[in-house]
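# Examination of the molecular architecture
These are the residues of each chain, in order.
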Amino acid sequence: MKTLVAYFSHAGQNYVNGGVAELEHGNAEVLAGFAAQACGGDLFHIERVEPYPAEYKACVKESMAELKVKARPELVRDVDVSGYDRVVVVFPNWCGTMPMPVYSFLEGHDFAGKEIWPLCTHEGSGMGQIEQHVAKACPGATVIEGLAIKGSNAAASADAVAAWLA
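## Comments concerning the layout of surface pockets
Taken as a whole, the largest pocket holds about 410 Å³ of empty space. Lining of the largest pocket is provided by 22 residues; of these, Tyr15, Tyr56, Pro92, Asn93 and Trp94 occupy positions nearest its centre. Only strand E2 (12–16), helix H1 (27–39), helix H2 (56–69) and strand E6 (115–122) provide two or more residues apiece to the lining of the largest pocket. With 4 residues, the top contributor of residues to the lining of the largest pocket is H2. Here the second largest pocket is characterised by a volume of approximately 200 Å³. In this structure, the second largest pocket is lined by Leu67, Lys70, Arg72, Thr97, Met100, Tyr103, Glu107, His133, Lys136 and Ala137. Those elements that place two or more of their residues in the lining of the second largest pocket are helix H3 (100–107) and helix H4 (130–137).

Listed below in structure tokens is the structure:
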């Protein structure tokens, strides 16, 4: 099964264990690396043309404004998904859903007949209704039960990601 691991991640200041911490690599990026290694998948970084602010409160403010209007921001690059059977989509849970660039990616492709595996980081909110959001964004795809990993545990989650993908 040919697999694409598409991820959106935010480095810089992040909410971790009840406070703000500086991260060189976002937690979703760490999990995406584990996923690609576990299944031999190709990595694709979902990036917004205009990056989010590194500062936590400014990032939250901007992402909330996008969520409010259901923005679909332009992405830096695209990838041809036609040759993949399985797409693992990795992202942080922002306000109970996926960051808007993930919607831009998902809604910009035809995933009919493919498996979509949602993998999210969070700091207490879990997967929420994200699987339903993915299904709505990817008509005709089979959405596999997702995996939610607390962001502060991301670095120690290689085995959990591998077991989920097995």
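Past the structure itself, the notes keep going.
## A word on H3
Taking burial as the measure, the 8 residues of H3 include 7 buried ones, the bulk of the element. All of the buried residues along H3 are Met100, Pro101, Val102, Tyr103, Ser104, Phe105 and Leu106. Against strand E1 (3–7), strand E4 (42–45), H2, strand E5 (86–92) and H4 lie the buried residues of H3.

## Some words on the pattern of salt bridges
The final tally for this structure, using the stated rule, is 4 salt bridges. Of the charged contacts, one joins Arg48 and Glu62 as a salt bridge, the two residues approaching to 2.3 Å between their closest N and O atoms. Taken together, the positions of Arg48 in the loop between E4 and H2 and Glu62 in helix H2 put the pair 14 residues apart, joining distant regions of the chain. Linking Glu107 and Arg72 is a salt bridge whose minimum nitrogen-to-oxygen distance equals 2.7 Å. You can see Glu107 sitting in helix H3 and its partner Arg72 sitting in the loop between H2 and E5, a full 35 residues away along the chain.

## Here's the deal with H2
The end-to-end C-alpha separation of H2 is 20 Å, in line with the 20 Å expected for 14 residues at 1.5 Å each. For H2, the full list of buried residues reads Cys59, Ser63 and Glu66. One side of H2 holds all its buried residues, which, seen down the axis, span an arc of 55 degrees. Summarising the geometry of H2, the exposed residues directed more than 90 degrees from the buried face are Lys57, Lys61, Lys68 and Val69. Residues of H2 that are buried sit in contact with H3. With a side-chain oxygen positioned 3.2 Å from the backbone nitrogen of Lys57, the residue opening H2 is Glu55.

## Here's the deal with unusual backbone geometry
Non-glycine residue Lys70 carries a positive phi angle of around 55 degrees. Relative to the helices and strands, Lys70 is located in the loop between H2 and E5. By relative accessible area, which is 61% here, Lys70 ends up exposed. Unusually for a residue other than glycine, Cys95 sits at a positive phi of about 60 degrees.

## A look at empty space enclosed by the protein
A probe as big as a water molecule, rolled over the atoms, marks out the empty space that is left. Counted by the stated rule, this structure contains 1 cavity of 30 Å³ or more. In this model, the largest cavity occupies a volume close to 60 Å³. Taken together, Tyr52, Ser63, Met64, Glu66, Leu67, Trp94, Cys95, Thr97, Met98, Pro99 and Met100 form the lining of the largest cavity. It is H2 that contributes the most residues to the lining of the largest cavity, 4 residues altogether. Grouping the constituent residues of the lining of the largest cavity by class yields 8 nonpolar, 2 polar and 1 charged.

Rules behind the numbers
Residues numbered from 1 in each chain as written. Predicted model: local features only at pLDDT ≥ 70, side-chain atom pairs only at ≥ 80, totals over all residues. Heavy atoms only, no water. 1 Å grid on protein atoms, 1.4 Å probe; cavity = no way out; pocket = protein on both sides within 12 Å on 5 of 7 lines; lining within 4 Å. Points joined across faces, edges and corners; volume = space filled by probe spheres on them. Helix = DSSP H or I, 4+ residues; strand = E, 2+ residues; numbered from the N terminus. Buried < 20%, exposed > 50% of the residue type's maximum accessible area, 1.4 Å probe, protein only. Contact = heavy atoms within 4.5 Å. Salt bridge = Lys/Arg side-chain N within 4 Å of Asp/Glu carboxyl O. Expected span 1.5 Å × (residues − 1). Arc of directions from axis to C-beta. Polar contact = N/O pair within 3.5 Å; in protein donor to acceptor, adjacent residues only side chain to side chain. Nonpolar A, V, L, I, M, F, W, Y, C, P; charged D, E, K, R; others polar.

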